[in-house]
Amino acid sequence: MESLGDKLKTARTEKGLSHDQISRETNISIRYLEALETENFSVFPGEPYVIGFLKNYGAYLDLDVQKVISLYRALRIQEQPVPVEQLLRNPPKLPGFIIPLLVVLLVLGGGGFGIYTLIMNSRNNPVQSTQVVRTPVEYMMEGNSMERRLYRSDSILVSVDNETYKLELYNLGETVTIRTPGGVRNLDLGQDITIDLNNDGIPELRITVADFAKNNADMGALLHFILLDAAVYTGADIEQNTTVTASASVSTASSTMIIPGSPSAYPFTLQVSFQGYCMFRWEILHERDRRGTNQRYFQRAEQLDIQAQNGIRVWVSNAQAARFQVIGGGRTFPVELGSPGEVVVADFRWVRDEDGRFRLVLIKLEAGT
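Overview of the structure. Please read these numbers as outputs of a predicted model, since none were measured by experiment.

Remarks on the sheet that holds strand E8 (residues 205-212)
Pairing between sheet strands relies on hydrogen bonds along the backbone, with the strands arranged either parallel or antiparallel.
Part 1: Reading across from one edge, E2-E9-E8-E7 is the order of the 4 strands in this open sheet, with antiparallel pairing throughout. Whereas interior strands pair on both sides, the edge strands pair on one side only; in this sheet they are strand E2 (145-150) and strand E7 (192-195). Taken over all neighbouring pairs, the strand axes of this sheet differ in orientation by 25° on average, direction set aside.
Part 2: Inspection of the sheet shows E8 paired to strand E9 (residues 221-227) by 7 bridges, in the antiparallel sense. Following the sheet pairing, Thr208 is matched in E9 by His224.

Observations concerning the sheet that holds strand E17 (residues 331-335)
Part 1: With antiparallel pairing, the 4 strands of this open sheet are ordered in space as E14-E11-E16-E17. Every other strand in the sheet has two partners, leaving strand E14 (303-308) and E17 as the edge strands with one partner each. Direction aside, neighbouring strands of the sheet carry axes that sit 20° apart on average.
Part 2: In this structure, strand E11 (residues 268-274) lies alongside E14, joined through 6 bridges in antiparallel fashion. Within E14, the residue paired with Ser273 across the bridge is Gln303.
Part 3: Across the sheet, helix H4 (residues 47-60) is in contact with E11 and E14; its angle to E14 comes to roughly 55°.

Notes on a nonpolar patch on the surface
Part 1: On the surface, Leu101, Leu102 and Leu105 cluster together to form a nonpolar patch covering roughly 270 Å² of accessible area.
Part 2: Secondary-structure assignment places Leu105 in helix H7 (residues 98-124).

Focus on the packing of aromatic side chains
Part 1: Following the criterion strictly, the structure yields 13 aromatic pairs and no others.
Part 2: Taken together, a centroid distance of 5.6 Å and an interplanar angle of 80° make the contact between Phe274 and Phe280 edge-to-face.
Part 3: You can call Phe274 buried: its relative accessible area is 2%.
Part 4: Aromatic rings pair up to connect Phe274, Phe280, Trp282, Phe298, Phe324 and Phe348 into one cluster.
Part 5: Seen from the ring of Phe298, Arg296 lies directly overhead, with NZ or CZ sitting 4.0 Å from the centre.

With respect to the environment of Tyr297
Part 1: As for its position among the elements, Tyr297 is in strand E13 (residues 293-298).
Part 2: For Tyr297, a relative accessible area of 48% corresponds to the partly exposed category.
Part 3: For Tyr297 and Cys278, which are 19 residues apart along the polypeptide, the C-alpha to C-alpha distance reads 5.7 Å.
Part 4: Those residues in contact with Tyr297, other than ones at most four positions away along the chain, are Tyr277, Cys278, Met279 and Glu302.

Considering the nonpolar core
Part 1: If you look at the biggest cluster of nonpolar residues, it comprises 32 residues, and the most contacted ones within it are Leu270, Phe280, Val314, Phe324, Val326, Leu337 and Phe348.
Part 2: Beyond its immediate sequence surroundings of up to four residues, Val314 is in contact with Leu270, Phe280, Arg281, Trp282, Leu337, Val344, Val345, Ala346 and Phe348.

Let's talk about empty space enclosed by the protein
Part 1: With the rule as written, the count across this model stands at 2 cavities of 30 Å³ or more.
Part 2: By volume, the second largest cavity amounts to about 40 Å³.
Part 3: As for the second largest cavity, its lining consists of Leu150, Ile156, Leu167, Glu168, Leu169, Ile178, Leu223 and Phe225.
Part 4: Those elements that provide at least two residues to the lining of the second largest cavity are strand E4 (163-172) and E9.

What to know about the environment of Gly338
Part 1: Within the fold, Gly338 resides in the loop between E17 and strand E18 (344-352).
Part 2: For Gly338, a relative accessible area of 16% corresponds to the buried category.
Part 3: Taking the C-alpha atoms as reference points, Gly338 and Gln320, 18 residues apart in sequence, are found 6.5 Å from one another.
Part 4: Ignoring any residue separated from it by four or fewer positions in sequence, one finds Gly338 in contact with Ala319, Gln320, Val344 and Lys364.

Conventions we followed
Residues numbered from 1 in each chain as written. Predicted model: local features only at pLDDT ≥ 70, side-chain atom pairs only at ≥ 80, totals over all residues. Heavy atoms only, no water. Pairing = 2+ DSSP bridges. Helix = DSSP H or I, 4+ residues; strand = E, 2+ residues; numbered from the N terminus. Axes fitted to C-alpha atoms, helices over the stretch in contact; angles between N-to-C directions. Contact = heavy atoms within 4.5 Å. Patch = residues over 30% accessible without salt bridge, like charges linked within 9 Å, V, L, I, M, F, W, Y side chains within 5 Å. Areas by Shrake-Rupley, 256 points an atom, 1.4 Å probe, with all protein chains shown as cover. Salt bridge = Lys/Arg side-chain N within 4 Å of Asp/Glu carboxyl O. Phe/Tyr/Trp six-rings, centres within 6.5 Å; stacked < 30°, edge-to-face > 60°. Buried < 20%, exposed > 50% of the residue type's maximum accessible area, 1.4 Å probe, protein only. Lys NZ or Arg CZ within 6 Å of the ring centre and 35° of its normal. Core = buried A, V, L, I, M, F, W, Y, C linked by side-chain atoms within 4.5 Å. 1 Å grid on protein atoms, 1.4 Å probe; cavity = no way out; pocket = protein on both sides within 12 Å on 5 of 7 lines; lining within 4 Å. Points joined across faces, edges and corners; volume = space filled by probe spheres on them.

Here's what the structure looks like:
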């Protein structure tokens, strides 16, 4: 069976790649690349670094990343020493009174567990249950942007030019259906649309579906609303019915395209290299199994790799203390997040244009988001 190191080395040589070239394109030092191929894991600061580098190196070589990690874990298990107890030919026998004592404890424990189970069943299964009916909620949009999880029949009130317009989450099925002043609109996950609220030919509102599970109304839908600056639109844009990019929105939310149009949203890696001491937080977006905010202080020369399918939200206390690059589709895209000392909150997420193509964008949010 081919070893982990041989598998990596063979894949690299078959592609005609050198350690120097791979190091430049993946930001993994040559020292670590050689260590992975020789299975010298002692040079790494810890196991998380080994696994992180194996994921990046395996993906770069177009290998099955899960099989690569499995080979590593199997190798580590083989290196574990055999417990001393298993090496003893004649393990000590238990005293004679231990076995009767264990029998008594098991009987008492079983009786106690039975009583506990009866009590809990009586609490969790009352004779009569009352079905809770949720009352629809109406929200007022304050400021130029808002992100809110809505459920069926919930609504948003948006004020434009001293007039208030109502948008209602009408249905949650294969798509998110929203009732707007101009009619019913359907959106899918990651898709964004612009809405002309006052029917003057100029869109005033952008709506993006940030989180949504098909045919699961109980989860609702996480929607992102942004008021657009009408001054940036021209007559030609309106006549051609072109899609307004996120850079046309007001200063509270700006976006930069990282990966251009793609027929599908594929997994990507956000690689963060720290140039100095800073607080960094990150959250995987739209993946229920990996939700929750991660947070820690990082020091100079540390590196973090974050894998995601749909998107990642980051908070950084000093934008120049961390260098970012996105790895996806076999390519690496460097990203500039902000200026020295700037506190930045931003999303790296896939969005879908009205023509059905996906693009990975960087969306800078307000620091309080």
